[in-house]
2 protein chains.
Amino acid sequence: MRNINVCLSPALYEFYAEDDSVVVMIDAIRASASICTAFHSQVELIIPVSDVETARSYKEKGFLIAGERDGYKIEGFDFGNSPFNFTEDTIKNKKLAFTTTNGTQVINKVINGTQRNVNLIIGSFINISALKEYLLHQEKNVLILCSGWKNSVNIEDTLFAGRLAYLLKGKSFELSESANLAIQIYLASGNSYYDFILNNSPRLKEKSEFLEADFKYCLSENLTTVVPFFNKGILTC
Amino acid sequence: MRNINVCLSPALYEFYAEDDSVVVMIDAIRASASICTAFHSQVELIIPVSDVETARSYKEKGFLIAGERDGYKIEGFDFGNSPFNFTEDTIKNKKLAFTTTNGTQVINKVINGTQRNVNLIIGSFINISALKEYLLHQEKNVLILCSGWKNSVNIEDTLFAGRLAYLLKGKSFELSESANLAIQIYLASGNSYYDFILNNSPRLKEKSEFLEADFKYCLSENLTTVVPFFNKGILTC
């Protein structure tokens, strides 16, 4: 039996990491939905970078650059972190450097970790069925790694982790304690993701006035079948 | 308004800690119930220690010593970590040094933290109403600090945190995102703590055969009104 585990904060990654596993990186609102959208719109590749200045340096190399800090677009960047930015018109066959408050930090944490033979893939509600199929057809343990919010646990990534674990449950996967915990959060949502998340997150509630469309998009299942993965320093698909 | 926050793993403490707060340390199964039971049985004081050898050194100073590693009593110790050890017959007016896999490590983490003016108190189901009254009658923010299991998130401490936050909700307290998350776990339990925890924790399920009585005791509300607190290196009441 393979194992599904859930790590609720990137600061806990070292306690959950193992060799020869698939790590599903999730920053449900909004980085991982944006990355999936960009690949759906046929971006050529994405380089996730942790800091703003490194992202800027890619501009001179012909990349488009996208990023946010605390939810806001960074000055001088081509895009913020709204998935609606990443249409075919803007991104097809282009190279993108991307930095966000949480998501891209998490990717780099896994890449620079000491675990061997870890496959890192990007998970979001918008590609969740494709993700499920991908995970069913490989032979490794699965770790769903939540980006959280500045190392604190957040509700939307926990809910997503529960939803994905729920989809894989019983299909030759054993669930860890934290996977069960996440499933309880998913079940508590009654599949009303948007209302549930806003009722439980003062942080997102505050932003929902001007980001409602983004949030609803990020919480929609199966808008794409792409499963972006990390390979030799770049995200590709 | 005061704030209730929940930290689901001691490894995340630095991201949740703040000055001038009350930290409720919780290791629901079993350390915090054992500590409360010992004070209910009129132990004079408890010194929480992180390692086995330090605990042993207290034996020569006339202390009783108690402790476990991975759930098992340590060789040569007077007691393990079962709350049933701590009766008036064994513990009244005695001094106790105590070390556990998770709980006492967490206490020492808070004590050695850099936050100023932090009150550290011990929370468990068995003193939960007394705890609620204590927290209502002070003017500080509350952080419920779960001991977890070897820095991973666990179900029983999360459930307890949710239960306590639920009791305080609406009573001039604002709930953080992780407090809401914990409340969802409490609500999902339907107040059937024992069955819910065993269904969601392979770790506790495995141990339940020989620790059922301990678990059920630790999950019983309001067996005592003591609220142990930390003062100058010792736990007292």
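Heads up: the structure comes first, above all this text.
Just so it is clear, the model here is predicted, and its values are computed rather than measured.

**Student:** Go over the overall build of chain A, please, and point to the residues and values.
**Tutor:** A count of helical and extended segments in chain A gives 10 helices and 11 strands. By the compact-globule yardstick of 18 Å for 237 residues, chain A fits well, its C-alpha radius of gyration being 16 Å. Along the three orthogonal principal directions, the C-alpha set of chain A runs to about 50 × 40 × 30 Å. Among the 237 residues that make up chain A, the fraction classed as buried is 62%. For chain A, contacts bridging at least 24 residues in sequence account for 75% of all contacts bridging at least 6. Summed over all atoms, the accessible surface of chain A reaches about 9200 Å², with 46% contributed by carbon and sulfur. Computing the positive centroid from 23 side-chain charges and the negative centroid from 27, chain A places the two 3 Å apart.

**Student:** If you had to explain the nonpolar core to someone new, which residues and values would you point to?
**Tutor:** In terms of nonpolar packing, the biggest core is built from 160 residues, with Ile-46, Leu-96 and Leu-164 of chain A together with Ile-46, Leu-96 and Leu-164 of chain B touching the most fellow members. If we ignore the near neighbours within four places in the chain, the residues touching Ile-46 of chain A are Ile-35, Ala-38, Phe-39, Leu-96, Phe-98, Ile-234 and Leu-235 of chain A.

**Student:** An account of the environment of Val-153 of chain B is needed here, citing residue identities and associated values.
**Tutor:** The residue Val-153 of chain B is located in the loop between β8 (141–146) and α7 (155–168) in this model. Exposure remark for Val-153 of chain B: the relative accessible area of 4% places this residue in the buried category. Along the chain, Val-153 of chain B and Ser-41 of chain B lie 112 residues apart, while their C-alpha atoms are 31 Å from each other. Once you skip the residues sitting within four places of it in the chain, Val-153 of chain B turns out to touch Leu-8, Leu-12, Tyr-16, Glu-177 and Leu-181 of chain A together with Leu-8 and Thr-158 of chain B.

**Student:** Quick rundown of the pattern of salt bridges? Include the residues and the values.
**Tutor:** By the definition in use, this model includes 22 salt bridges over all chains. The shortest N-O distance in the salt bridge between Glu-221 of chain B and Arg-163 of chain B comes to 2.8 Å. On the criterion of sequence distance, the pair formed by Glu-221 of chain B in the loop between α10 (202–218) and β10 (229–231) and Arg-163 of chain B in helix α7 is long-range, its members being 58 residues apart. Glu-212 of chain B is the salt-bridge partner of Lys-216 of chain B, the closest N and O atoms lying 2.7 Å from each other. Of this pair, Lys-216 of chain B and Glu-212 of chain B are both found in helix α10, four residues apart, which corresponds to roughly one turn of the helix. The exposure class assigned to Glu-212 of chain B is partly exposed, which follows from its relative accessible area of 36%. Because the salt bridges share partners, they merge into one network encompassing Glu-156 and Arg-203 of chain A together with Glu-177 of chain B.

**Student:** Give me the lowdown on the relation of the copies chain A and chain B, citing residues and values where you can.
**Tutor:** Aligned on chain B, chain A shows an RMSD of 0.0 Å; the corresponding rotation is 180° and the shift along the axis is 0.0 Å. Viewed as a symmetry operation, the transformation between the two copies matches a two-fold axis.

**Student:** Give me the packing of helix α9 (residues 193–200) of chain B against α10 of chain B: which residues, what numbers.
**Tutor:** Residues and elements named next belong to chain B. α10 packs onto α9 with a crossing angle of 155° between their chain directions and a minimal axis gap of 8 Å. On the basis of their axis angle, the class for α9 and α10 is roughly antiparallel. Every residue of α10 that contacts α9 at Tyr-194, Ile-197, Leu-198 and Asn-200 is listed here: Pro-202, Leu-204, Lys-205, Ser-208, Glu-212, Phe-215 and Lys-216. Here the residues of the contact of α9 with α10 sort into six nonpolar, two polar and three charged.

**Student:** Tell me about the pairing of strand β4 (residues 64–69) of chain A, and please be specific about residues and values.
**Tutor:** Residue and element names in this part refer to chain A. The buried fraction of β4 amounts to five of the six residues, a majority that puts the element mostly inside the structure. Of the pairings in the sheet, the one linking β4 to strand β6 (residues 95–99) comprises four bridges and is parallel in character. Residue Ala-66 lies in a different strand from β6, and its bridge partner there is Phe-98. Taken together, the two bridges between β4 and strand β5 (residues 72–73) define a ladder with antiparallel strand orientation. Across the sheet, residue Glu-68 finds its bridge partner in β5, namely Lys-73. Between β4 and the antiparallel strand that follows it, β5, lie two residues; Asp-70 among them carries a positive phi value of about 55°.

**Student:** So what's going on with the packing of aromatic side chains? Residues and values would help.
**Tutor:** For any pair of aromatic rings, geometry is given as the distance between the ring centres together with the angle between the planes. Residue and element names in this part refer to chain A. Applying the stated criterion across every chain, the model contains 18 aromatic pairs over all chains. Between Phe-86 and Phe-98 the ring centres are 6.0 Å apart and the planes differ by 75°, which places this aromatic pair in the edge-to-face class. Residue Phe-86 is located in the loop between β5 and α4 (88–91), and its partner Phe-98 is located in strand β6; the two are separated by 12 residues in the primary sequence. Under the relative-accessibility criterion, Phe-86 is labelled buried at 1%. Ring plane angle 50° and centroid distance 5.1 Å describe the contact between Tyr-166 and Tyr-186, whose orientation is recorded as tilted. Taken together, the residues span a long stretch of sequence, with Tyr-166 in helix α7 (residues 155–168) and Tyr-186 in helix α8 (residues 177–188) at a distance of 20 residues. Relative accessible area serves as the criterion here: at 36%, Tyr-166 is assigned to the partly exposed category. Assessed through its relative accessible area of 5%, Tyr-186 is described here as buried.

Conventions and cut-offs
- Residues numbered from 1 in each chain as written.
- Chains lettered and ligands numbered in written order.
- Predicted model: local features only at pLDDT ≥ 70, side-chain atom pairs only at ≥ 80, totals over all residues.
- Heavy atoms only, no water.
- Helix = DSSP H or I, 4+ residues; strand = E, 2+ residues; numbered from the N terminus.
- Rg over C-alpha atoms; globule rule 2.2 N^0.38 Å.
- Buried < 20%, exposed > 50% of the residue type's maximum accessible area, 1.4 Å probe, protein only.
- Contact = heavy atoms within 4.5 Å.
- Areas by Shrake-Rupley, 256 points an atom, 1.4 Å probe, with all protein chains shown as cover.
- Lys, Arg positive; Asp, Glu negative; His and termini not counted.
- Charge placed at Lys NZ, Arg CZ, Asp CG, Glu CD.
- Core = buried A, V, L, I, M, F, W, Y, C linked by side-chain atoms within 4.5 Å.
- Salt bridge = Lys/Arg side-chain N within 4 Å of Asp/Glu carboxyl O.
- Least-squares fit on C-alpha atoms with pLDDT ≥ 70 in both.
- Axes fitted to C-alpha atoms, helices over the stretch in contact; angles between N-to-C directions.
- Parallel < 35°, antiparallel > 145°, perpendicular 65-115°, else oblique.
- Nonpolar A, V, L, I, M, F, W, Y, C, P; charged D, E, K, R; others polar.
- Pairing = 2+ DSSP bridges.
- Phe/Tyr/Trp six-rings, centres within 6.5 Å; stacked < 30°, edge-to-face > 60°.

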